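Residues per chain are reported as follows:
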Amino acid sequence: MAENLSQSELDYPFKLLEYFNGFRVSKVIFSACELGVFDLLLKSQEPLSAQQIAQELDTSVDGAERLLDTLVGIEILEVETCDGTAALYSSTDVANLYLARGSAKSLHDMIVYQSQTIYPLWNNITDAVREGKNQNEKTFGLPAGDIFQAIYRSEEQTLKFMGLMNSTWVLDGHDIATAFNLSCFQNIVDLGGCTGALAREVLKAFPSSSVTVFDLPHVVEMAQKHFAQDDDNIAFQAGDFFSDQLPPADLYILGRIIHDWTEEKCLMLLRKIYDACRPGGGILLVEALLFENRRGPVMAQLFSLNMLIQTEGREYPPSQYKRMLNKAGFTSVQVCRTGKSYDAILAIR
């Protein structure tokens, strides 16, 4: 084995140590977001000292300084020295754009969800691998079989999950909406569309269409209260896509839905969509696609592990989605890898 290693790898396992400490880097960013570091620096419009930041955020000066210096080390913040002694901290453009809540492209809600929900679940990854089931009961004291109850376990947690989904489509929505020419689909239903963020990206690309966001009653209520924007071409309809009748449509969008469930439930839902879909209509699946040999991409592999820990589903390669779609009756399956976190599959009835 040793002859396959470079001298630097033999002398010191740099890459392994980088991986070992990856969770620490994540938590540095998570904590800075939760404390409000990036919001404060964006609002101040001028560099601040560790003492000023500690006072504003009600933290210790020593703790704030260590956190700020680490953020400088990972190139999230910048620092300058005033009068040769006082260090003044400011945000990078990336931090202002993606980490402060005030930005239109803010990922703050995604970060908070990762920190407060995903991170605790991943503490039990060893048990998830041993047992082959999610860790909602061990982590949150909730039944392992009801993932809706785990995701929507309180109004606060529901808002955090909805914020996560909203942030996802801030990043990937345009690439998904433009992966295929959807102009022939006038009446679109986004099943489990949550805040309507992906629907808005679709309408930006194809303004002559209309989109109905179909989601659980309390999700629809909270979406309209906390996230919905004025748009005459977006409607919200309450319902459960497993148990309720689906509204008729030319195109059904399922963004990060299929990966939550067992293959048996997925097939049941896909057949139900096929029956409701108008002839010549289609279905657009949005998922993180594995390679056919399942050896990558790493992001999709990590997402698949997360599905084991949090849900009852998994990520699949394109061929498996095509097989399920064909079983449900759909044909002409097309795949588009976006190069981002999520990819798109379009199939026709």
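With an unreviewed UniProt entry as reference, the protein is termed Acetylserotonin O-methyltransferase, source organism Takifugu flavidus. As stated in UniProt under Pathway (unreviewed entry), the record for the protein gives "Aromatic compound metabolism; melatonin biosynthesis; melatonin from serotonin: step 1/2." Within the UniProt record for the protein, the comment given under Function (unreviewed entry) is "Catalyzes the transfer of a methyl group onto N-acetylserotonin, producing melatonin (N-acetyl-5-methoxytryptamine)."

**Here's the deal with the overall build of the protein**
Within the protein one finds 17 helices and 10 strands. Computed over C-alpha atoms, the radius of gyration of the protein comes to 22 Å, within 12% of the 20 Å expected from 2.2 N^0.38 for 349 residues, which places it in the range of a compact globule. The principal-axis extent of the C-alpha atoms belonging to the protein is close to 70 × 60 × 40 Å. Considering only residue pairs separated by 6 or more positions, the protein has 65% of its internal contacts joining residues 24 or more positions apart. Surface summary for the protein: the accessible area is close to 17200 Å², and the carbon and sulfur share equals 51%. In the protein, 29 side chains carry a positive charge and 45 a negative one; their mean positions are 8 Å apart.

**Considering the packing of aromatic side chains**
Inspection of every chain in the model, using the stated rule, returns 9 aromatic pairs. Taken together, a centroid distance of 4.9 Å and an interplanar angle of 55° make the contact between Tyr12 and Phe14 tilted. The exposed category is assigned to Phe14, whose relative accessible area is 56%. Joined through ring pairs, the aromatic side chains of Tyr113, Tyr152 and Phe161 make up one cluster. Over the ring of Phe140 we find Arg153, and its NZ or CZ is 3.8 Å from the ring centre.

**Quick look at the UniProt feature "active site" (unreviewed entry) in the protein**
According to UniProt, the "active site" (unreviewed entry) feature falls on His259. Its place among the elements puts His259 in the loop between β7 (249-255) and α15 (263-276). The buried category is assigned to His259, whose relative accessible area is 2%. The residues contacting His259, other than those within four sequence positions of it, are Glu287, Met307, Thr311, Gly313, Arg314, Glu315 and Tyr321. Within the local environment of His259, its side chain forms a polar contact with the backbone oxygen of Arg256, the two atoms lying 3.3 Å apart.

**Some remarks on the nonpolar core**
Ile176, Phe180, Leu182, Leu251 and Leu284 are the most contacted members of the largest nonpolar core, which totals 46 residues. Looking at this core element by element, the count peaks at 7 residues for helix α12 (residues 155-177). Among the nonpolar cores identified, the runner-up in size contains 29 residues, and Leu191, Leu289, Leu325 and Phe330 belong to it.

**Side note on the domain arrangement of the protein**
As far as domains go, the protein holds domain 1 (7-99) and domain 2 (107-348). Averaged C-alpha coordinates put domain 1 and domain 2 at centres separated by 33 Å. Overall, the association of domain 1 and domain 2 removes approximately 840 Å² of surface from exposure, summing both partners, and the carbon and sulfur fraction of that is 67%. Connecting domain 1 to domain 2 are 0 salt bridges. Linking domain 1 with domain 2 are 5 residue pairs in polar contact (both at pLDDT 80 or more), by the criterion used here. Taken together, the residues that form the side of domain 1 that touches domain 2 break down as 6 nonpolar, no polar and 2 charged.

**Notes on the packing of helix α3 (residues 22-35) against helix α8 (residues 108-122)**
The interhelical angle for the contact between α3 and α8, taken along N-to-C directions, is 120°, at an axis separation of 9 Å. It follows that α3 is oblique to α8 by the angle criterion. For α3 against α8, the interelement crossing comes out left-handed. Where α3 abuts α8, its residues Phe23, Lys27, Ile29, Phe30, Cys33 and Glu34 lie against His108, Ile111, Val112, Gln114, Ser115, Gln116 and Tyr119. Classifying every residue of the contact of α3 with α8 gives 7 nonpolar, 4 polar and 2 charged.

**Concerning the sheet that holds strand β3 (residues 86-91)**
With antiparallel pairing, the 3 strands of this open sheet are ordered in space as β1-β3-β2. Each edge of the sheet is formed by a strand with only one pairing partner; in this case those strands are β1 (48-49) and β2 (77-82). Judged from the 6 bridges that link them, β2 and β3 form a sheet pairing that is antiparallel. Residue pairing for β3: Glu78 is matched across the bridge by Ser90.

**Quick look at the sheet that holds strand β8 (residues 277-287)**
If you trace the 7 strands from one edge of the open sheet to the other, you get β6-β5-β4-β7-β8-β10-β9, paired in mixed fashion. Each edge of the sheet is formed by a strand with only one pairing partner; in this case those strands are β6 (234-238) and β9 (331-336). With direction set aside, neighbouring strand axes in the sheet form an average angle of 20°. Pairing of strand β4 (residues 187-191) with β7, which is carried by 4 bridges, proceeds in the parallel orientation. Residue pairing in the sheet places Asp190 in a bridge with Ile253 of β7.

Thresholds, definitions, all that
- Residues numbered from 1 in each chain as written.
- Predicted model: local features only at pLDDT ≥ 70, side-chain atom pairs only at ≥ 80, totals over all residues.
- Heavy atoms only, no water.
- UniProt positions renumbered as here; feature names shortened; annotations may be inferred.
- Helix = DSSP H or I, 4+ residues; strand = E, 2+ residues; numbered from the N terminus.
- Rg over C-alpha atoms; globule rule 2.2 N^0.38 Å.
- Contact = heavy atoms within 4.5 Å.
- Areas by Shrake-Rupley, 256 points an atom, 1.4 Å probe, with all protein chains shown as cover.
- Lys, Arg positive; Asp, Glu negative; His and termini not counted.
- Charge placed at Lys NZ, Arg CZ, Asp CG, Glu CD.
- Phe/Tyr/Trp six-rings, centres within 6.5 Å; stacked < 30°, edge-to-face > 60°.
- Buried < 20%, exposed > 50% of the residue type's maximum accessible area, 1.4 Å probe, protein only.
- Lys NZ or Arg CZ within 6 Å of the ring centre and 35° of its normal.
- Polar contact = N/O pair within 3.5 Å; in protein donor to acceptor, adjacent residues only side chain to side chain.
- Core = buried A, V, L, I, M, F, W, Y, C linked by side-chain atoms within 4.5 Å.
- Domains from an automatic or database assignment.
- Buried area = accessible area lost by both parts, 1.4 Å probe.
- Salt bridge = Lys/Arg side-chain N within 4 Å of Asp/Glu carboxyl O.
- Nonpolar A, V, L, I, M, F, W, Y, C, P; charged D, E, K, R; others polar.
- Axes fitted to C-alpha atoms, helices over the stretch in contact; angles between N-to-C directions.
- Parallel < 35°, antiparallel > 145°, perpendicular 65-115°, else oblique.
- Left-handed = near helix turned anticlockwise from the far one by under 90°.
- Pairing = 2+ DSSP bridges.

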